[in-house]
Amino acid sequence: QMQGAEMEGSNNNSGKQKPLPKVRELFKNQRKESEGSMESPNLEFEYGDSDTLMAELSELYSYTEEPEFGLNRDCFEEDFRSQVKQKKWTELDLSEQKAYVMRLLDALEVTNRDKRLKVARAILYLAQGVFDECDSELDVLHWSRHNIFLLYDMGTFTALLELLSMEIDNNQACSSAVRKPAISLADSTELRVLLSIMYLMVEIIRLETEEETPEWKTARETFRTELGSQLYNGEPFALLLFTMVTKFCSMNAPHFPMKKVLLLLWKTVLFTLGGFEELQELKVKRREKLHLPALPEDSIKVVRSMRAASPPASAMELIEQQQQQRRGRRSRRPLVKQDSLDTYNERDPFKNDEARDEEEDNDDADSGIEGEVDPLDRDVIIQPPPPPPPLRPPTERLSFPKGLPWAPKVREKDIEHFLETSRNKFIGFTLGNDTETLVGLPRPIHESVKTLKQHKYVSIAEVQIKREDELQQCPMTMGEEEVEEMPTEILYVGMLSNLSQYVIALLKLLLAAAPTSKAKTDSINILADVLPEEMPVTVLQSMKLGIDVNRHKEIIVKAISALLLLLLKHFKLNHIYQFEYVSQHLVFANCIPLILKFFNQNIMSYISAKNSIYMLDFPHCVVHELPELTAESLEAGDSNQFCWRNLFSCINLLRILNKLTKWKHSRTMMLVVFKSAPILKRALKVKQAMMQLYVLKLLKIQTKYLGRQWRKSNMKTMSAIYQKVRHRLNDDWAYGNDIDARPWDFQAEECALRESIEKFNCRRYDKNPNGEFSPVDNCLQSVLGQRVELPEDFRYSYEIWLEREVFSQPIRWEELLHPE
């Protein structure tokens, strides 16, 4: 039968389509290439708070700053030799080193700007690890750590902070920078030196190592407390950096070195509030304090143990598959259901001479990207050599032998909804929010409720919302709320008055640094601290600057994405309405389309970008003799499978998008309206489990709105969602039977949320003495004895008013005896 079908299929195709074998051969070759790329090994990427210390230190400096390493060393050597004749810095004992640092700090207070800069450069050289006296990169890190703890101990950070505040308020520098047609590296020299020292101090003190001493541990905790508290000018240090960001974005200070500011801001927030591991521990403690059940699993461990799934098939593979399906179908089943025909003939590759581009963004291109074989046709389809790849490679099937990775969850609201539906169906009336009474319901419903309650999950946010409602309803009886002065709370209070400005500024910078953004004349110039004074004249210099600019933009994206994610996670844990306030500002500032625009690029190219020159990275470039750079060595890049910072940025942005849209119907519909499904599906090509998980989560929440045809054509993606994303037991995501798409409710949802947030902020942070519950003076004598300022016109017309309102009005004294 198969042979007959084969022969008949070949006869059917032998008439009009003679050039097809050549085209098919071309597709087969391309298919082999795509299979090679599809079945590439999993990316060995370990997600964390930040990259390795070496990588994080190297990203602080642009390649155009390379000559300044020598300048820092010369400034130090010149001053050091005038004090210490024979010895090197590494040969001094601790007391001698302290004495020298004290002398440097005294010299920082001179009025001469140039002398001050030389001293700051000498301090920066110490913070960089006196690299001229070191033989290896590890030596540089060792001395850098030693010197930084010494500098902190001597009070260097406070001295630098005063200088930084002076530079920020330096109106002369700001006005001259605004007038300049082209701003270069030279305009931000002082700021860059100060920010570099501060970044090195924050980053190196933040990280624990094996060579810790008790003094260093104490210093770390003290520094952490200082940065997070209101010790610096009555506000946490992060707020000063936020002010720099907004000042830069308002075009008032275009010379600010934004990359360094953003990196320092991110690391300050990471240090003071804590990273992802600390967040998990904090969540566990907070649940214990609220007497909530323990978390069903450690999400960090679950995600790390996941394996990536094979990405959806490429277009060439599907074209070949469709051809095979068509040949098999002609021979065996001339009559096929209309919906099946729609599936297979949606994209006929030979209708037009031009091959369709796989990167199309329209839904038609997307809907056919994973055509599944009709079950009735499977026995007659001729499998082309080589066989198509399986859904998951055999090794991946062993990932979770005991079942799915996540324990299912159910909300209280879901149980209420289920019982309401069941009571309406079987009894004909409802009992409101009662989840205990099961009288009159059949046995299977009892079992269902029992199962749902077993997996019920009460979040910290639900408890906080309930508590807030009680405080709003009974402000007098509930009393004053005790708010713990945590670093997160202090930061939120500081950010509250200018939060919208901070959010808009960060998103403006993210847009300017995104690779999909077009250069516009009115956009922000984020390259002020990477462009040299003299533009390149040779091809080699141009190539080097091109790599430097791309790397610069990638680092900005990395810092902003990590910063926003940290803020959202910490505010959510601290109080849900703090998180919702930041989220609404992000949504209103078009964060959702901005992130989708970011992903609407060749994401594989972005993740495997080689925008780095290993030889010029710090500390490699200051320890080793630099070979001569050539065009070939610049093009070669490193041998890494992917760029860590770009993959990190992508995962962060996906997590932000998930946080903004989770349980928000109106924002989920924004994903649908902006046609995010094809954009997100292309991101599944990256074979990294964590990135795939967050893409699949975003696809899951909008699946029911994408239509039956999309779900039918994307069964591989649907399977991946089932395998990797947590189940909500009575969530109808895969079928879309209970679509609650009521467009007139979208605005109401956001408005109701905004009202709740405003009430929360007003109750907790608005200390207005004329508030609703301020004390009232009820004493007749004191009220009548107060002097009231009356307007001038009232004095002139007082007699007329008295005649009209008092004398001419009859007084009915008897009405006082008969009150109604």
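Model, not experiment: these values are computed from the prediction.

Reading the values: the criteria
- Residues numbered from 1 in each chain as written.
- Predicted model: local features only at pLDDT ≥ 70, side-chain atom pairs only at ≥ 80, totals over all residues.
- Heavy atoms only, no water.
- Helix = DSSP H or I, 4+ residues; strand = E, 2+ residues; numbered from the N terminus.
- Buried < 20%, exposed > 50% of the residue type's maximum accessible area, 1.4 Å probe, protein only.
- Lys, Arg positive; Asp, Glu negative; His and termini not counted.
- Salt bridge = Lys/Arg side-chain N within 4 Å of Asp/Glu carboxyl O.
- Contact = heavy atoms within 4.5 Å.
- Phe/Tyr/Trp six-rings, centres within 6.5 Å; stacked < 30°, edge-to-face > 60°.
- Lys NZ or Arg CZ within 6 Å of the ring centre and 35° of its normal.
- pLDDT = per-residue confidence, 0-100.
- Patch = residues over 30% accessible without salt bridge, like charges linked within 9 Å, V, L, I, M, F, W, Y side chains within 5 Å.
- Areas by Shrake-Rupley, 256 points an atom, 1.4 Å probe, with all protein chains shown as cover.
- Charge placed at Lys NZ, Arg CZ, Asp CG, Glu CD.
- Core = buried A, V, L, I, M, F, W, Y, C linked by side-chain atoms within 4.5 Å.

**Q** Tell me about the side chain of Asp51, and name the residues and values.
**A** Tracing the chain through its elements places Asp51 in the loop between helix H2 (20-38) and helix H3 (53-58). Although Asp51 is buried, it makes no salt bridge; Lys558 carries the closest opposite charge, 4.9 Å away. Residues within four places of Asp51 in sequence aside, it is in contact with Glu56, Lys558 and Trp644.

**Q** Explain the packing of aromatic side chains to me, using residue names and the numbers behind them.
**A** Within the structure shown, the criterion is met by 32 aromatic pairs. On the numbers, 5.2 Å between centres and 85° between planes, the contact of Phe598 with Tyr606 is edge-to-face. Considered together, Phe598 and Tyr606 belong to a single accessibility category, that of buried residues. Linked through ring pairs, Tyr61, Phe69, Phe76, Phe80, Trp89, Tyr100, Tyr125, Phe131 and Phe618 together constitute an aromatic cluster. We note Arg551 situated over the ring of Tyr63; from NZ or CZ to the ring centre the distance is 4.3 Å. The cationic tip of Lys572 hangs over the ring face of Phe579; the distance from NZ or CZ to the ring centre is 5.3 Å.

**Q** An account of the confidence of the model for the chain is needed here, citing residue identities and associated values.
**A** Summarising the model, the chain shows a mean pLDDT of 82, and 81% of its residues fall at 70 or more. The low-confidence segment residues 1-39 (pLDDT under 50) makes 47 contacts with residues lying over four places distant or belonging to another chain. Segment residues 331-401: pLDDT under 50, and 137 contacts once partners within four positions in sequence are set aside and those in other chains are kept.

**Q** Give me a negative patch on the surface: which residues, what numbers.
**A** Residues Glu208, Glu221, Glu278 and Glu281 make up a contiguous surface patch of negative charge. With respect to the helices and strands, the residue Glu278 is situated in helix H14 (residues 276-289).

**Q** Can you break down the nonpolar core residue by residue, with the values?
**A** A general trend in soluble globular proteins is that nonpolar side chains are found buried together. Formed by 191 residues in total, the largest nonpolar core has its most connected members in Trp89, Phe237, Phe599 and Met691. Tallying contributions element by element places helix H25 (residues 539-574) first for this core, with 16 residues. If we ignore the near neighbours within four places in the chain, the residues touching Met691 are Phe599, Ile603, Ile607, Leu647, Cys650, Ile651, Leu654, Ala683 and Val686. In terms of nonpolar packing, the next biggest core, distinct from the first, is built from eight residues, Val410, Ile415, Leu419 and Leu441 among them.

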